[in-house]
Amino acid sequence: MNILKKKRIWLLLLFPLSFLISALAKRSVFFAEEVFAKRIYKVISIGISAITGIFPFSLAECIVLGGIVLLPVLLIIFIVHILKRKEQRFERCLLAILNVACVAAVVLFLYVIGCGVNYHRVSIADYRGITVRESSKEELYGLCTSLAKEASALREELVCYEDEEGVVRLPVSNRTLGKMTRDAYKNLYEELPVLRGIYPAPKGIGISKFYSAMEITGVFTCWTMEANVNVDIPDMSRAVTMAHELGHLHGFMREDEANYLAYLACQASDSALVKYSGTMLALVYAGNALASQDMELYGELWTMYHPGMIRDFMDKSAYWKQYENTVISETADKVNDAYLKANEQEDGVKSYGRVVDLLLAEYRKNVQMQ
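Residues numbered from 1 in each chain as written. Predicted model: local features only at pLDDT ≥ 70, side-chain atom pairs only at ≥ 80, totals over all residues. Heavy atoms only, no water.

1. A few points about the overall build of the protein
Convention followed: Strands here are runs of E lasting at least two residues and helices are runs of H or I lasting at least four, both read from the DSSP assignment and numbered beginning at the N terminus. As defined in this context, the radius of gyration uses C-alpha atoms, and a globule is described by 2.2 Å times the residue total to the power 0.38. Contacts between residues were defined by any pair of non-hydrogen atoms, one from each residue, lying within 4.5 Å. Note on areas: Shrake-Rupley with a 1.4 Å probe; residue coverage comes only from the protein chains shown. In this tally, Lys and Arg are treated as positive and Asp and Glu as negative; His is ignored, and so are the chain termini. For this purpose, a charge sits on NZ of Lys, CZ of Arg, CG of Asp or CD of Glu.
When helices and strands are tallied, the protein shows 15 helices and 3 strands. In terms of overall dimensions, the protein is globule-like: its C-alpha atoms have a radius of gyration of 23 Å, near the 21 Å expected for 370 residues. C-alpha atoms of the protein, sized along the principal axes, occupy 80 × 50 × 35 Å. A sequence separation of at least 24 residues applies to 76% of the contacts in the protein between residues at least 6 apart. In the structure as shown, the protein presents an accessible area of about 18800 Å², 63% of it carried by carbon and sulfur atoms. In the protein, 40 positive and 42 negative side-chain charges are present, and the distance between their average locations comes to 13 Å.

2. Brief notes about the sheet that holds strand E1 (residues 203-204)
Formally: A pair of strands is labelled paired if DSSP reports no fewer than 2 bridges between them.
With respect to topology, 3 strands assemble into an open sheet ordered E1-E3-E2, the strand pairing being mixed. This sheet does not close on itself; its edge strands, each paired only once, are E1 and strand E2 (218-221). Here E1 runs beside strand E3 (residues 226-229); their pairing, made up of 2 bridges, is parallel. The residue bridging Lys203 from the neighbouring strand is Asn228, located in E3.

3. Some words on the packing of aromatic side chains
Rule in force here: Only centres within 6.5 Å qualify two rings of Phe, Tyr or Trp (six-membered ring in Trp) as a pair; their planes then separate them into stacked at under 30 degrees, edge-to-face at over 60, and tilted for everything else. Residue exposure (1.4 Å probe, protein chains only): buried if accessible area is under 20% of the type maximum, exposed if over 50%, otherwise partly exposed.
In this structure the tally under the stated criterion is 10 aromatic pairs. With centroids separated by 6.4 Å and ring planes inclined at 75°, the aromatic side chains of Tyr298 and Trp302 adopt a geometry described as edge-to-face. Highlighted residues: Tyr298 and Trp302, both in helix H12 (residues 295-302), separated by 4 residues, approximately one helical turn. Residue classification places Trp302 among the partly exposed positions, given a relative accessible area of 28%. Ring centres of Tyr319 and Trp320 lie 5.0 Å apart, and the angle between their planes is 85°; on these two criteria the pair is classed as edge-to-face. With a relative accessible area of 13%, Tyr319 lands in the buried category.

4. Focus on the pattern of salt bridges
The condition is simple: Between Lys or Arg on one side and Asp or Glu on the other, a salt bridge is scored when a side-chain nitrogen of the former is within 4 Å of a carboxyl oxygen of the latter.
Counted according to the given criterion, the structure contains 22 salt bridges. Arg155 is paired through a salt bridge with Glu162; the nearest N and O atoms lie 3.0 Å apart. Its relative accessible area of 0% is what places Arg155 among the buried residues. Taken together, the shared-partner salt bridges connect Asp163, Arg169, Asp235, Arg238 and Asp315 into one network.

5. A short note on the pairing of E3
Taking every second residue as pointing to the same face, both faces of E3 are buried, with Glu226 and Asn228 on one and Ala227 and Val229 on the other. Both E2 and E3 contribute to a ladder of 4 bridges, which runs antiparallel. Bridge pairing links Gly218 to Val229 in E3. Where E2 folds back onto E3 in an antiparallel hairpin, the turn is made up of 4 residues, including Met225, whose phi is positive at roughly 55°.

6. Considerations on a nonpolar patch on the surface
The condition that has to hold: The patches reported here contain residues having more than 30% relative accessible area and no salt bridge. Joining distances are 9 Å for like charges and 5 Å for nonpolar side chains (Val, Leu, Ile, Met, Phe, Trp, Tyr).
A cluster of nonpolar side chains, Val64, Leu65, Ile68, Val69, Ile207, Phe210 and Ile328, forms an exposed patch at the surface whose accessible area comes to about 620 Å². Inspection of the secondary structure assignment puts Ile207 in the loop between E1 and helix H8 (208-213). By relative accessible area, which is 33% here, Ile207 ends up partly exposed.

7. Some remarks on the layout of surface pockets
In plain terms, the rule: Here a cavity denotes a set of grid points, spaced 1 Å apart and computed over the protein atoms alone, in which a 1.4 Å probe fits but from which it cannot get out, and a pocket denotes an open set meeting protein on both sides within 12 Å along at least five of seven lines; residues with an atom within 4 Å of a point are reported as lining. Grid points are joined across faces, edges and corners, and a volume is the space filled by probe spheres set on the points. Each residue is assigned to one class: nonpolar for Ala, Val, Leu, Ile, Met, Phe, Trp, Tyr, Cys and Pro, charged for Asp, Glu, Lys and Arg, and polar for all the others, Gly among them.
Estimated volume of the second largest pocket: approximately 330 Å³. As for the second largest pocket, its lining consists of Leu74, Leu75, Ile77, Phe78, His81, Arg92, Leu95, Ala96, Asn99 and Val100. Contributions of two or more residues to the lining of the second largest pocket are made by helix H3 (59-84) and helix H4 (89-116). Broken down by class, the residue content of the lining of the second largest pocket amounts to 7 nonpolar, 2 polar and 1 charged.

This is the structure we're talking about:
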């Protein structure tokens, strides 16, 4: 058995090609944005998602679950072959190493073109025409006040969807909600043409409770171009979570930008439910930032909340409290933190909170236009 004669060995060239593309993206914003994100990625993402979007379930989830079952079986088969054919042990070990290397090369290449390069593209702030800078406490309080009033008005419209405990519940299925968030993005296309594209709705994850145990609300899978969402999370968080993952699918990988896009998309929706979900996410991040600077002003902010908002907040807090500080959640948090830092988001999981800077820039822009 001559390993070098195996046709699959050419797949190993994907390793240096992946490193070359990554290096170009890091060194050239023009390459990352104009050459790759707006052209190559757009074609790849729309093409692959058009195929995977045909299936109502998450293909990525099926692949992962199938792999968990299949890998031990393949390992057992390999060991049996090694034990039975002693004279071919060395060649079979080399072949196994080649197979693993080829799979790794393909996985790495698909990761690089599926999302890795997009970490280095132009900020969504440039397309939105906003300037991110240091803001005063007064500006932050103004943003929080604006969001609180907006959320309160929306919450009043949703009283008819309250359960017996006064918590707002979704009157539509998760699949319908996914289509609503996808349509919300379409409403943004005129304002942000860079987002244009024919993309499918996000998909619910079958093992959502397991994702909750890891404190993960959603995952964008670049290998299948699917926006996967934990549909076990509190109702008020689902639409904005779907919009966040769709932000990644549209090519914006940095977490603060995906949160900002999720807010903008929800605001562009025709549904008060979707708008409320996005406004509440923005309010949580902005409110936490205000609390870290001035607890007295943060206390004043709460007096502006609609009573239903407080019930919704308490419901969300109770849900996540059951998963706090577990081995699974802390491990998942560390893995996510390391992943984000490896992609040059230096503050790791804290990068989600940088959305406040974008929201403040958006707030200043809107105030100036009034």
